[in-house]
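Summary of structural features
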Amino acid sequence: MPEIRSTTDEDLDVFLETLHAAFARFRETPAEGTGFWWSALEMDRGLLAVTPAGRPVGTAAAHSFELTLPGGTLAPAAGVTAVGVVPTHRRQGVLTAMMRHQLAEVRARGEFLSVLLSSEAVIYRRFGYGPATYTGRLTVPRHQATFAVPRAGEPAATGSIELRQRAECGALLEEIYDRYRRKQPGALSRPHHWWASGAGQPPVSLAQRHIAVHHDEDGVPDGYAAYALSEATTLTVDEIITSDDAVFTALARFVLSHDLVTQVVIKQVPPGHPLRWQLADFRTADVGDDGDWLWVRLLDIPRALTSRGWFTDGELILDVTDPFLTEQGRYLLEVRAGKATCVRTDREPDLSLDVSDLGSIYLGGTVPSTLERAGHIRAHNPSAAALADNLFRAERDPHCLQWF
Ligand SMILES: CC(C)(COP(=O)(O)OP(=O)(O)OC[C@H]1O[C@@H](n2cnc3c(N)ncnc32)[C@H](O)[C@@H]1OP(=O)(O)O)[C@@H](O)C(=O)NCCC(=O)NCCS
């Protein structure tokens, strides 16, 4: 079995060669000024799997993010990334060994949450991760995009839109994004060095984009839309960032009003977003590419449950198994006035569940009774699943649009 060792800055080349080989790719040369995604890597959080003969065969890394929990708590979270095993060494337990090593390191740093985006949905559940946020893409034929809401005379965003280019935005996008992510459950921080080095997908990368910046009536920027024409007459919006629904609507109206455009594709929209309901014809916006986005893994259950905010009083006994870390615990979760306590108990459980299912319901984006009906979660009394549905809800659907 290969040895798993931590990396340093000096390992960057071998790390990238190994990772690219795992994805059957070659290192691309980004267009001038757009930045390399790997410049965001924290090489002291990288892992290399190396055979006894000294050959590197696997990689994994982690970013130090903050994750916004329901109720607005900002929790440190390891953002697992750059995971790959070269094709000659697959299905021999290399990833399993790296995951074990990494989870131990994450815990040792005091992080109680680990998150990732999964290339294939079958890989990570066995390591305790569950899908926790969902996202999709709206495609709207421009000529049918009549807004019915807000109706004439009803309050809309009062402000103005200024058009800029990505290259002239400086710290502006970073500031708007940072304000937004602090209020949005499921959102991740975008550390300053990501923006500074253009490491990420547009508009974090410096690839050319038009940026519509919304300013409130006092001139304070409170939202943006990043977009470009992706095909002859298709306008693709990478993201609309704001925590104000009226500003979102104003920016959506703006991108949907472009002449010479037949359709607008808005990427990274949360499943229950109100935009579809604002159009005169509910079927105008076609929902596509919808699926899981952020996967969550709990590493300290009492700390994770007491850190998030809660919106309904209640009491549940959860019996949680963690087969990968060979752990098991029964916890009494009590919520009073928005705060939870969580202690070990010997009482009979209301629900039995795997730690990956707890990861799925943790941010309020997966309904516990859906997992109960699917046979993942076991309810030991008739009201337990409904109570969990009420209890685990967030103030709004969690959403993450950070690529890493
Ligand atoms: C995904 C990947 C890292 C797995 O590495 P690996 O070393 O082969 O994984 P392991 O041998 O530790 O597998 C552990 C278990 O997961 C299963 N598994 C792992 N990857 C799987 C996949 N892609 N599809 C189905 N099952 C998979 C294995 O069959 C094994 O099951 P078992 O314990 O029942 O035998 C590797 O296939 C890879 O590099 N793929 C291409 C890049 C990629 O997708 N990376 C993930 C980015 S999020």
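Now for the nonpolar core. Within the largest apolar cluster, 79 residues are counted, with the highest numbers of intra-cluster contacts made by Leu113, Val115, Val296 and Leu298. Listed in part, the 33 residues of the second largest apolar core include Ala225, Tyr227, Ile266 and Val269.

Attention now moves to the sheet that holds strand 5 (residues 113-116). Sheets are built from strands that pair by backbone hydrogen bonding, the pairs being arranged parallel or antiparallel. Overall, mixed pairing links the seven strands, which are arranged 1-2-3-4-5-14-6 in an open sheet. Sheet topology places strand 1 (3-6) and strand 6 (130-131) at the edges, where each strand pairs with a single neighbour.

Spatial strand order, 17-16-15-18-19: five strands in an open sheet with mixed pairing. Either end of the sheet is taken by a strand with one partner, and the two such strands are strand 17 (339-344) and strand 19 (378-379). Sheet strands in contact with helix 8 (residues 355-362) are strand 15 (314-322) and strand 18 (351-354), and its direction is about 100 degrees off that of strand 18. In the packing of helix 10 (residues 384-392) onto the sheet, the strands contacted are strand 15, strand 16 (327-336), strand 18 and strand 19, and the crossing angle to strand 15 comes to about 100 degrees.

Another aspect to go through is the site of the ligand. By nearness alone, 18 residues border the ligand, and Arg90, Val94, Leu95, Thr96 and Ser119 come closest of all. Counting only elements with at least two residues in the shell around the ligand, the list comes to strand 4 (74-85) and helix 2 (94-108). The class makeup of the residues in the shell around the ligand is eight nonpolar, six polar and four charged.

Turning to the environment of His399, a few remarks are in order. Mapped onto the elements, His399 comes out in the segment after helix 10. Classification of His399 by C-beta neighbours within 10 Å gives buried; the count is 23. For His399 and Tyr331, which are 68 residues apart along the polypeptide, the C-alpha to C-alpha distance reads 27 Å. Setting aside chain neighbours within four positions, we find His399 in contact with Thr133, Thr135, Gln184, Gly186, Ala187 and Pro270.

Attention shifts here to the domain arrangement of the chain. Along its sequence, the chain is organised into domain 1 (3-111), domain 2 (135-291) and domain 3 (300-392). Averaged C-alpha coordinates put domain 1 and domain 2 at centres separated by 31 Å. Contributing elements (two or more residues each) for the side of domain 1 that touches domain 2: strand 3 (56-68) and strand 4. When residues of the side of domain 1 that touches domain 2 are assigned to their parent elements, the largest contribution, four residues, is made by strand 3. Partitioning the side of domain 1 that touches domain 2 into residue classes produces nine nonpolar, seven polar and one charged.

Quick look at the pairing of strand 7 (residues 134-141) now. Relative to strand 13 (residues 286-292), strand 7 runs antiparallel, the two being bridged by five bridges. Looking at strand 13, one finds that Tyr134 is bridged to Asp292. As paired strands, strand 7 and strand 12 (residues 263-269) are joined by five bridges and run antiparallel to one another. Within strand 12, the residue paired with Thr139 across the bridge is Val265.

Criteria and thresholds
Residues numbered from 1 in each chain as written. Predicted model: local features only at pLDDT ≥ 70, side-chain atom pairs only at ≥ 80, totals over all residues. Core = buried A, V, L, I, M, F, W, Y, C linked by C-beta atoms within 7 Å. Buried ≥ 20, exposed ≤ 12 C-beta atoms within 10 Å, placed from the backbone. Pairing = 2+ DSSP bridges. Helix = DSSP H or I, 4+ residues; strand = E, 2+ residues; numbered from the N terminus. Contact = placed C-beta atoms within 7 Å. Axes fitted to C-alpha atoms, helices over the stretch in contact; angles between N-to-C directions. Near = placed C-beta within 6 Å. Nonpolar A, V, L, I, M, F, W, Y, C, P; charged D, E, K, R; others polar. Domains from an automatic or database assignment.

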